[in-house]
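# Chains, contacts and geometry: an overview
Chain by chain, the residues:
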Amino acid sequence: MNYVTLPTPAEGPVPVQPSSAPPEGTVDAAKWQRTQADLMRFQELVAQVGRELAEPLTAALERVNALMSTGRIDRAGLKSLLSEMDRARQAGIWCQQISRLASGRARQSHERVHLTNTIQSVLAHRARELQARGVQVVQAMAPVEVLADAPMLFSLLNGLVDWWLACAYGTVDLRVDMKSWPAHGQLEVRLNHRPLDLSDGLKEGELPHAVNGLTWHLIDQIAQTMDLKVVRQVEAASLHLLIEFPHTINPLLAPEPADEPDQGFATSLNSKPLAGSHVLVVAARRDLRLLIREAVKSMGLIVDFVSSVGEATQFCREALPHAIIFESSLSGQRFDQLVASIRREVPDFVLLEVLEEGSAFDISTISPNGVARVGREAVLTSLPSALVYELARVM
């Protein structure tokens, strides 16, 4: 009997080395090279998944073991434990998104989207997070319109911000313009992925894990799904990324927007069109929280729940979600103050009120206070459509 010697955990898995040439008799060399490139890419992805799940879960396990032995945990330790668990959960969500996109099951609905305005909207939503991380975005953006799936473009841009938060130091230079030929829109990013004074003496090819983290793999997969051209150059301390949009609207040839048919609720027919969007639910009653969870569970959303306006205010101080769903009974002066503070930063922020009873479904554009409303009896049937409409409207 023959035995195969496996590597010890300290050695790590032996990577499968891609062949430099196709097997003898293979005709399609280009297809072979693409297959080998995909193999290497998914090897890197699996390794990164292991790192981003193992690191926070190992730290969390150590805290739980300490809690079991002492029976005590202070507020700082509890906050760190929750943060570590949230990091692991986020890594799992990113893995699900990458898997769904790589499987080819994502259905796209191409429409005319103003790339520049969409980027500015995303930056407005994520301004607090960027500021807290000390990342300043310097913009130089020309007006560019593209044909793209709007929710998927929204996910791509939010993925870029997540990536900056993980690996950028100081300033992010962001430029949007048009190539002279072919007339394709371009999104260009330049940043430092480590402090300049720490770039000396690096080993060749040594990079922070965050540069090739799950956020980067998600960006890469979304770009592939959207058929975008991506070029990334990484140096000792700096990084240059160029994303090219082949389906760009030529302003000299394109019809006016009024000439195009109204898309209405067409995007609600897509498969998980808002996957990755972040929604905060503010509801005091557990039965309503469970009802909302059931209504949106198949949408691929990142959903957080709080039970009071005070908790919602604290949550929004750290990072703004893309939308807030709130229980009607919690509306009042404190909630109005929270809404006013959010809308000073993001005037078109999405708010959706769940009424105590009834089957009403009112979109924000016909509401006097700009808040969409869904009756409790219509939560299961109408809440997903309401979210798709309201979020797609502001992308």
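Because the structure is a prediction, the values reported are computed rather than measured.

Procedures and definitions
- Residues numbered from 1 in each chain as written.
- Predicted model: local features only at pLDDT ≥ 70, side-chain atom pairs only at ≥ 80, totals over all residues.
- Heavy atoms only, no water.
- Helix = DSSP H or I, 4+ residues; strand = E, 2+ residues; numbered from the N terminus.
- Buried < 20%, exposed > 50% of the residue type's maximum accessible area, 1.4 Å probe, protein only.
- Contact = heavy atoms within 4.5 Å.
- Areas by Shrake-Rupley, 256 points an atom, 1.4 Å probe, with all protein chains shown as cover.
- Expected span 1.5 Å × (residues − 1).
- Pairing = 2+ DSSP bridges.
- Axes fitted to C-alpha atoms, helices over the stretch in contact; angles between N-to-C directions.
- Core = buried A, V, L, I, M, F, W, Y, C linked by side-chain atoms within 4.5 Å.
- Salt bridge = Lys/Arg side-chain N within 4 Å of Asp/Glu carboxyl O.
- Phe/Tyr/Trp six-rings, centres within 6.5 Å; stacked < 30°, edge-to-face > 60°.
- Parallel < 35°, antiparallel > 145°, perpendicular 65-115°, else oblique.
- Left-handed = near helix turned anticlockwise from the far one by under 90°.
- Nonpolar A, V, L, I, M, F, W, Y, C, P; charged D, E, K, R; others polar.
- Patch = residues over 30% accessible without salt bridge, like charges linked within 9 Å, V, L, I, M, F, W, Y side chains within 5 Å.

Okay, the overall build of the protein next. In terms of helices and strands, the protein carries 10 helices and 13 strands. Across the 395 residues that make up the protein, the buried fraction comes to 43%. Put simply, 74% of the contacts in the protein that link residues at least 6 apart link residues at least 24 apart. When the accessible surface of the protein is split by element, carbon and sulfur atoms take 53% of a total near 21500 Å².

This paragraph deals with helix 2 (residues 75-102). Owing to its 3.6 residues per turn, the α-helix aligns residues three or four sequence positions apart on the same side. In this model, helix 2 (28 residues) spans 41 Å end to end at C-alpha, consistent with the 40 Å of a helix rising 1.5 Å per residue. Among the residues of helix 2, G77, L81, E84, A88, Q90, A91, I93, W94, Q97, I98, R100 and L101 are the ones counted as buried. Just downstream of helix 2, G104 is the residue with a positive phi angle, here 80°.

Most of strand 7 (residues 238-245) is tucked away: 7 of the 8 residues are buried. Examined bridge by bridge, strand 5 (residues 185-192) and strand 7 share 8 bridges and lie antiparallel to one another. What sits directly across from L191, in strand 7, is L239. The sheet contact formed by strand 6 (residues 229-234) and strand 7 spans 6 bridges and is antiparallel. Paired with Q233 across the bridge in strand 7 is H240. The hairpin formed by strand 6 and strand 7 contains 3 residues between the paired strands.

With that settled, the discussion passes to the sheet that holds strand 11 (residues 350-355). With respect to topology, 6 strands assemble into an open sheet ordered 9-8-10-11-13-12, the strand pairing being mixed. Strands at the two margins of the open sheet, each flanked by one partner only, are strand 9 (302-306) and strand 12 (361-362). Bridge count between strand 11 and strand 13 (residues 372-375): 4 bridges; the pairing is parallel. Paired with L355 across the two strands is G375, which belongs to strand 13. Running over the sheet, helix 8 (residues 309-318) touches strand 8 (278-282), strand 9 and strand 10 (323-327) and is turned about 155° from strand 8.

Below, the discussion takes up the nonpolar core. Counting 51 residues, the largest nonpolar core has I119, L160, W163, W164, L174 and L187 as its most contacted members. What L174 contacts, discounting residues up to four positions off in sequence, is I119, L123, V137, V138, Q139, A140, M141, W164, L187, E188 and V189. V279, M299, A323 and I325 belong to the second largest nonpolar core, which has 25 residues in total.

The next thing to look at is the pattern of salt bridges. What the rule picks out here adds up to 13 salt bridges. R126 is the salt-bridge partner of E129, the closest N and O atoms lying 2.5 Å from each other. Taking relative accessible area as the criterion, E129 reaches 18% and is therefore assigned buried. Note that E294 and K297 form a salt bridge whose closest N and O atoms lie 3.0 Å from each other. Residues joined in a network through salt bridges with shared partners are D86, R89 and D304.

Glancing now at the packing of aromatic side chains. Two numbers describe a pair of aromatic rings. These are the distance of the centres and the angle of the planes. Overall, the coordinates contain 2 aromatic pairs when judged by the stated rule. Arranged with centres 5.0 Å apart and planes meeting at 35°, the rings of W163 and W216 form a pair that is tilted. Placement of the pair is W163 in helix 5 (residues 150-167) and W216 in helix 6 (residues 214-225), with a sequence separation of 53 residues. A single burial state applies to W163 and to W216, both of which are buried.

The sheet built from 5 strands is open, its strands ordered 2-4-5-7-6 with mixed pairing. Pairing within the sheet leaves two strands with one partner each, and these edge strands are strand 2 (136-141) and strand 6. The sheet shows a mean angle of 10° between the axes of neighbouring strands, direction not considered.

Residue position: R175 is located in strand 4 (residues 169-178). C-alpha separation for the pair R175 and L187, spaced 12 residues apart in sequence, amounts to 5.9 Å. In contact with R175, not counting residues within four places along its chain, are A140, Q186, L187 and E188.

Think of two packed helices as two axes; the pair is described by the angle between the axes and how far apart they sit. Their axes nearest at 10 Å, the elements helix 8 and helix 9 (residues 333-345) cross at an angle of 15°. It follows that helix 8 is roughly parallel to helix 9 by the angle criterion. The chirality of how helix 8 crosses helix 9 is left-handed. Between helix 8 and helix 9, the residues in contact are V309, G310, A312, T313 and C316 and R334, F335, L338 and I342, respectively. The residue makeup of the contact of helix 8 with helix 9, split by class, is 6 nonpolar, 2 polar and 1 charged.

Together, L67, I73, L78 and L82 make up a nonpolar patch on the protein surface, roughly 330 Å² of accessible area in all. With respect to the helices, strands and loops of the structure, I73 is situated in the loop between helix 1 (29-70) and helix 2. Residue class for I73 comes out partly exposed when judged on its relative accessible area of 36%.

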